[in-house]
Amino acid sequence: MEDYDIRATIPTLNVDFLSLTVLRLYGIPITCVPPNSVQELKLNFPALRKYKTVNCTWINVKRITIEMPKLEVLIIEDTNVLMSDGSLCVINLCASNLVEFSYSGQMSDTTSVALTIKSVASANIYPRYCLNGAQNAHFAYQFLSTFNDKVEHLRFEHPQVLAPAVNSMVGLPEFEMLTDLELDKIRGSLLWFLLLKAPFIETLTLKELLSFEHPSTPNLVPPCVSSKLEVVNFGRFQGKEHELRFAKLVFENAQVLKWVNFTCPPASYGKELKEKILAFERSASAVIEFLCIYSY
């Protein structure tokens, strides 16, 4: 239901939806009556394969466990859990066969979301900025660590939200399954850190690289760059010095590189830019493609 003033009330602590396969909830406050500040609400969806919740609020329950053993797609947008005193509670989402996960919202709201998953092929994170950068960064870091050994493809919009927490992220375990990484609007120091934490990256997509300085330890090239990286996609590539600097580093160190794509706006696209890139020394014989895109 969407664009209606609807409130769902759940009177019991254990509810089964045995045949439901697709569930989409939009803008619905879901209230447990009477308020349940001690016990846990359990919802069982044994046949559910897709669950999408947008701008929904769970009210008056301490903890919610949702069992979805066959779930393949999970999409969460701006969802939280509130007690009658305004405190946050937790939704535990159990989805052992999850294939695709997407989260969009304030990073502070992720404290109310707990994922119990074995692995996930694709995870998409779209954070919204908030005024408290350090606190937001901590929430983003904690949420990202949920996927460190479970995700194959990771797409992170506005990853710079993590920047204030980089010192805390030193202990972040490596992304042991991650082979495909897509980032937007990222600075070089954070990019370098994430590449060091993802030793098996084969495909790297940078929708926009904001800066990149020469590494303080130039001999310490991330292992994924030197031995695993096969495909690199540069988006919004304008031929700025920092962009060329990172592209040059990739060409010189990526020993198994097969394909590099440069997507450029019309103002940057031209013979001079191509000649600069084609003049770089290369560790591997990669196909280089240039595309001119008039709108993003």
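Definitions and cut-offs
- Residues numbered from 1 in each chain as written.
- Predicted model: local features only at pLDDT ≥ 70, side-chain atom pairs only at ≥ 80, totals over all residues.
- Heavy atoms only, no water.
- Helix = DSSP H or I, 4+ residues; strand = E, 2+ residues; numbered from the N terminus.
- Buried < 20%, exposed > 50% of the residue type's maximum accessible area, 1.4 Å probe, protein only.
- Contact = heavy atoms within 4.5 Å.
- Core = buried A, V, L, I, M, F, W, Y, C linked by side-chain atoms within 4.5 Å.
- Pairing = 2+ DSSP bridges.
- Right-handed = clockwise from strand over helix to strand, strands pointing away.
- Expected span 1.5 Å × (residues − 1).
- Salt bridge = Lys/Arg side-chain N within 4 Å of Asp/Glu carboxyl O.
- 1 Å grid on protein atoms, 1.4 Å probe; cavity = no way out; pocket = protein on both sides within 12 Å on 5 of 7 lines; lining within 4 Å.
- Points joined across faces, edges and corners; volume = space filled by probe spheres on them.
- Nonpolar A, V, L, I, M, F, W, Y, C, P; charged D, E, K, R; others polar.

By the naming in an unreviewed UniProt entry, the chain goes by FBD domain-containing protein and is assigned to Sphenostylis stenocarpa.

A.B. asks: Sorry if this is basic, but what is going on with the overall build of the chain here?
C.D. replies: Check the secondary structure of the chain and you find 5 helices and 20 strands. The buried share of the chain, reckoned over its 296 residues, is 48%. Considering only residue pairs separated by 6 or more positions, the chain has 68% of its internal contacts joining residues 24 or more positions apart.

A.B. asks: Which parts of the structure should I look at to understand the nonpolar core?
C.D. replies: Where a protein is soluble and globular, its nonpolar side chains tend to be buried together. With 90 residues, the main nonpolar core has Tyr-51 and Phe-262 as its most contacted residues. Excluding residues that lie within four positions of it along the chain, Tyr-51 makes contacts with Leu-23, Leu-25, Trp-58, Ile-66, Met-68, Leu-71, Val-73, Leu-74, Ile-75 and Leu-93.

A.B. asks: What am I meant to see in the pairing of strand β9 (residues 90–94) here?
C.D. replies: Moving residue by residue along a regular strand, the side chains alternate between the two faces of the sheet. Counting buried positions along β9 gives 4 out of 5 residues, so the element sits mostly inside the fold. Taken together, the 5 bridges between strand β6 (residues 57–67) and β9 define a ladder with parallel strand orientation. Residue pairing in the sheet places Glu-67 in a bridge with Cys-94 of β9.

A.B. asks: Looking at this model, I keep getting lost on the pairing of strand β19 (residues 259–264). Mind explaining?
C.D. replies: Among the 6 residues of β19, 5 are classified as buried, and the element is accordingly described as predominantly covered. Strand direction decides the pairing type here: strand β18 (residues 231–234) and β19, joined by 4 bridges, are parallel. Note on β19: the bridge partner recorded for Asn-233 is Asn-261. For the segment spanning β18, helix α4 (residues 241–253) and β19, crossover handedness is right-handed. Note that β19 and strand β20 (residues 287–292) share 6 bridges and pair parallel. Of the residues in β20, the one forming a bridge with Cys-264 is Cys-292. Tracing the backbone out of β19, into helix α5 (residues 271–278) and back to the parallel element β20 gives a crossover that is right-handed.

A.B. asks: Teacher, can you tell me more about α4 here?
C.D. replies: Between its terminal C-alpha atoms α4 stretches 18 Å, which fits the 18 Å expected from 13 residues at 1.5 Å a residue. Inspection of α4 places His-242, Glu-243, Leu-244, Phe-246, Ala-247, Leu-249, Val-250 and Phe-251 among the buried residues, and these make up the whole buried set.

A.B. asks: Where do I start with the pattern of salt bridges in this structure?
C.D. replies: Any two side chains of opposite charge can pair, so long as their charged atoms come close to each other. The tally for this structure, following the rule as stated, stands at 12 salt bridges. Note that Glu-208 is salt-bridged to Arg-236, the shortest N-O span being 3.4 Å. You can see Glu-208 sitting in the loop between β16 (203–206) and β17 (209–211) and its partner Arg-236 sitting in the loop between β18 and α4, a full 28 residues away along the chain.

A.B. asks: Just to check I follow, could you spell out the environment of Tyr-141 for this structure?
C.D. replies: Inspection of the secondary structure puts Tyr-141 in helix α1 (residues 133–144). The exposure class of Tyr-141 is buried, given its relative accessible area of 13%. Note: C-alpha distance between Tyr-141 and Met-107 (34 residues apart in sequence) is 9.2 Å. Once residues within four sequence positions are removed from consideration, Tyr-141 is found in contact with Leu-162, Ala-165, Ser-168, Met-169 and Leu-172.

A.B. asks: Teacher, can you tell me more about the side chain of Asn-124 here?
C.D. replies: Secondary-structure assignment places Asn-124 in strand β12 (residues 120–128). Dropping the residues within four chain positions of it, Asn-124 is found in contact with Glu-100, Phe-101, Ser-102, Tyr-103, His-153 and Arg-155.

A.B. asks: Can you help me understand empty space enclosed by the protein in this one?
C.D. replies: Where empty space is left can be seen by rolling a probe of water-molecule size over the atoms. On inspection of all chains with the given rule, the structure shows 2 cavities of 30 Å³ or more. Each pocket or cavity is described by its volume, and for the largest cavity that value is around 70 Å³. Together, 11 residues line the largest cavity, and Thr-53, Ile-76, Thr-79, Ile-91 and Leu-93 are the ones closest to its centre. Within the residue set of the lining of the largest cavity, elements represented by two or more residues are β5 (50–54), β6 and β9. Here the lining of the largest cavity is composed, by residue class, of 7 nonpolar, 4 polar and no charged.

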